[in-house]
Amino acid sequence: MNRDAPWDVVLVEDNQLTRQFLEQSIDAHPALHLRASFGTLAPAAAWFEHRGADLLLVDLGLPDGSGLSLLRQVHQRWPACDMLVVSMFGDEANVVASIEAGAVGYVHKDDEAADIAATLLAVKQGASPISPMIARHLLKRLRPVPDSVQMAEPGRAAPVLLTATATPSEAADAPAPVSLSRREQEVLEFIARGYAYAEIAREQGITVHSVQTYIKKLYAKLAVHSRSEAVYEASRLGLLDVFGRPRG
C-alpha cells in the first residue's frame, strides 16, 4: 500500500521499559508516527473517545483494567484502526477473546523474532501476525475430531475419543503435575507481569543471580526455554492467576 504520510500509532503499555523500547522502535521508522502513548487504560479510552488512529498497539494486563475493553471500544468507534496485541499472555482464552474483540494480530512481548515496526507495517498491508507458539496452539485446537467413533466389540473396552487438543502421543505423554516452591511461584508471577530480573530481585529482596537461578529451575520444571514459553505453559497448567492484576 503506497502512502506519503506516516501511519499514526497509539501505544498502550504499562511497563515503562517496554513502553520506551516500543516508542523508540516506532519513532525510528519513517513510515510510522507515534501519535500517543499511555501507561494505563483510562487515559487511552478517553483519548479514543474524540480521535482515532491508523494503528493501536495494546497490552492486555493493564493496572486499571483489561486491554480487551479498549479493543472493543476502538473496533466499534474507529473500525478502520488496525489493532495489534502485544502481551505476555499467550493462553487460548485471551488470544481468542482478543481476536473476537477486533485484533488483527497477537505477538508475545519477548518474541525475539518480532520487529515491531515491520510488524505494524505488515498489518497495514493486510497481514495478521501471530507469534509461532500461539499459532501452533490454535492450530492444534482446531484439529478436527473424527465424526464417528467405532463402537467397541463385546468384551472389549470402548475406544478413547481424543479431543482436538490431544493426539495419541500427547495422551500417552501427558505431563505430570508441576510442583513449585513458594519462591518459584512468586518469581513466575513476576515474570508473567513483565518484570525485569532486577525488578524481581528488588521486590523479593534477593540478588539478580538468585532470580536467574530460580528462573532456570522454573524452565527445567516447565520444560521450556524462554519467558514467553514459561508464561504460556504455566497458564496452560493452571499455575498462574495474574491476568489483570496491577504491578506492584
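On a predicted model such as this, the values are computed, not experimentally measured, just so you know.

S.K.: Teacher, can you tell me more about the overall build of the chain here?
M.R.: A tally of regular secondary structure across the chain gives 11 helices and 7 strands. Within the chain, residue pairs in contact and separated by at least 24 positions form 64% of the contacts whose partners lie at least 6 positions apart. Total accessible area on the chain stands at roughly 13200 Å², and carbon and sulfur atoms take up 53% of it.

S.K.: Help me out: how do you make sense of the packing of helix 8 (residues 182–192) against helix 10 (residues 208–222) in this one?
M.R.: How two helices pack is summed up by the angle between their axes together with the distance between the axes. For the pair helix 8 and helix 10, the least separation of the axes is 10 Å and the interaxial angle reads 90 degrees. Of the possible angle classes, the one that applies to helix 8 and helix 10 is roughly perpendicular. Side by side, helix 8 and helix 10 meet where R183, E184, V187, L188 and I191 of the first sit next to Y214, I215, K217, L218 and K221 of the second. Of the residues that constitute the contact of helix 8 with helix 10, the class distribution is 6 nonpolar, no polar and 4 charged.

S.K.: Would you take a moment to explain the pattern of salt bridges for this structure?
M.R.: Opposite charge on two side chains permits them to pair, given that their charged atoms come into close proximity. Inspection of the entire model under this criterion finds 4 salt bridges. Residue K124 pairs with D82 through a salt bridge whose shortest N-O separation is 2.9 Å. In this pair, K124 is assigned in helix 5 (residues 116–124) and D82 in strand 6 (residues 82–87), connecting sequence segments 42 residues apart. Both residues of the pair, K124 and D82, belong to the buried class.

S.K.: Quick question: what am I supposed to make of the packing of helix 9 (residues 197–204) against helix 10 here?
M.R.: At their nearest, the axes of helix 9 and helix 10 sit 8 Å apart, and the two run at 105 degrees to each other. Between helix 9 and helix 10, the interaxial angle falls into the category roughly perpendicular. Across the interface between the two elements, Y197, A198, I200 and A201 of helix 9 pack against V208, V211, Q212, I215 and Y219 of helix 10. Class assignment of the residues belonging to the contact of helix 9 with helix 10 gives a composition of 8 nonpolar, 1 polar and no charged.

S.K.: Help me understand the environment of G39 in this model?
M.R.: Positionally, G39 belongs in the loop between strand 2 (32–38) and helix 2 (41–50). A relative accessible area of 23% means that G39 is categorised as partly exposed. Through-space distance from the C-alpha of G39 to that of Q16 is 7.4 Å; in sequence the pair is 23 residues apart. Once residues within four sequence positions are removed from consideration, G39 is found in contact with E13, D14, R19, L62 and P63.

S.K.: Please clarify how the sheet that holds strand 6 should be interpreted in this entry.
M.R.: Within the open sheet, the 5 strands sit side by side as 2-1-3-6-7. Their pairing is parallel. Strands with a single pairing partner mark the edges of an open sheet, and in this sheet they are strand 2 and strand 7 (105–108). This sheet shows a mean twist of 20 degrees between the axes of neighbouring strands, independent of strand direction. Sheet topology places strand 6 next to strand 7; 4 bridges connect them, and they run parallel. Each bridged residue has a counterpart across the sheet, and for V85 the counterpart in strand 7 is Y106. Strand contacts of helix 3 (residues 67–77): strand 1 (7–12), strand 3 (55–58) and strand 6, with the helix running at about 170 degrees to strand 3, the strand carrying the most contacts.

S.K.: Teacher, can you tell me more about the nonpolar core here?
M.R.: Here is a general trend for soluble globular proteins: nonpolar side chains tend to be buried in one another's company. Counting 26 residues, the largest nonpolar core has V10, V12, F48, L56, L70 and L71 as its most contacted members. Those elements giving two or more residues to this core turn out to be strand 1, strand 2, helix 2, strand 3, helix 3, strand 6 and helix 4 (92–100). With residues near it in sequence (within four places) discarded, L56 still touches V10, V12, F48, L70, L71, V74, C81, D82, M83 and L84. With 22 residues, the next largest nonpolar core counts A201, Y219, V224 and L239 among its residues.

S.K.: Honestly, the side chain of R19 in this entry has me stumped. Any pointers?
M.R.: By secondary structure assignment, the location of R19 is in helix 1 (residues 16–27). Despite being buried, R19 has no salt bridge partner; E23 is the closest side chain of opposite charge, sitting 4.0 Å away. Excluding residues that lie within four positions of it along the chain, R19 makes contacts with L11, E13, D14, S37, F38 and G39.

S.K.: It is not clear to me how the packing of aromatic side chains should be interpreted in this structure. Could you clarify?
M.R.: The geometry of two aromatic rings is summed up by the distance between their centres and the angle between their planes. Considering all chains together, one arrives at 2 aromatic pairs under this definition. Pairing W47 with F48 gives two aromatic rings, centres 5.1 Å apart and planes at 80 degrees, and the pair type is edge-to-face. An identical accessibility class is assigned to W47 and F48; each is buried.

Calculation notes
Residues numbered from 1 in each chain as written. Predicted model: local features only at pLDDT ≥ 70, side-chain atom pairs only at ≥ 80, totals over all residues. Heavy atoms only, no water. Helix = DSSP H or I, 4+ residues; strand = E, 2+ residues; numbered from the N terminus. Contact = heavy atoms within 4.5 Å. Areas by Shrake-Rupley, 256 points an atom, 1.4 Å probe, with all protein chains shown as cover. Axes fitted to C-alpha atoms, helices over the stretch in contact; angles between N-to-C directions. Parallel < 35°, antiparallel > 145°, perpendicular 65-115°, else oblique. Nonpolar A, V, L, I, M, F, W, Y, C, P; charged D, E, K, R; others polar. Salt bridge = Lys/Arg side-chain N within 4 Å of Asp/Glu carboxyl O. Buried < 20%, exposed > 50% of the residue type's maximum accessible area, 1.4 Å probe, protein only. Pairing = 2+ DSSP bridges. Core = buried A, V, L, I, M, F, W, Y, C linked by side-chain atoms within 4.5 Å. Lys, Arg positive; Asp, Glu negative; His and termini not counted. Phe/Tyr/Trp six-rings, centres within 6.5 Å; stacked < 30°, edge-to-face > 60°.

On their own, these measurements won't tell you what the molecule is for.
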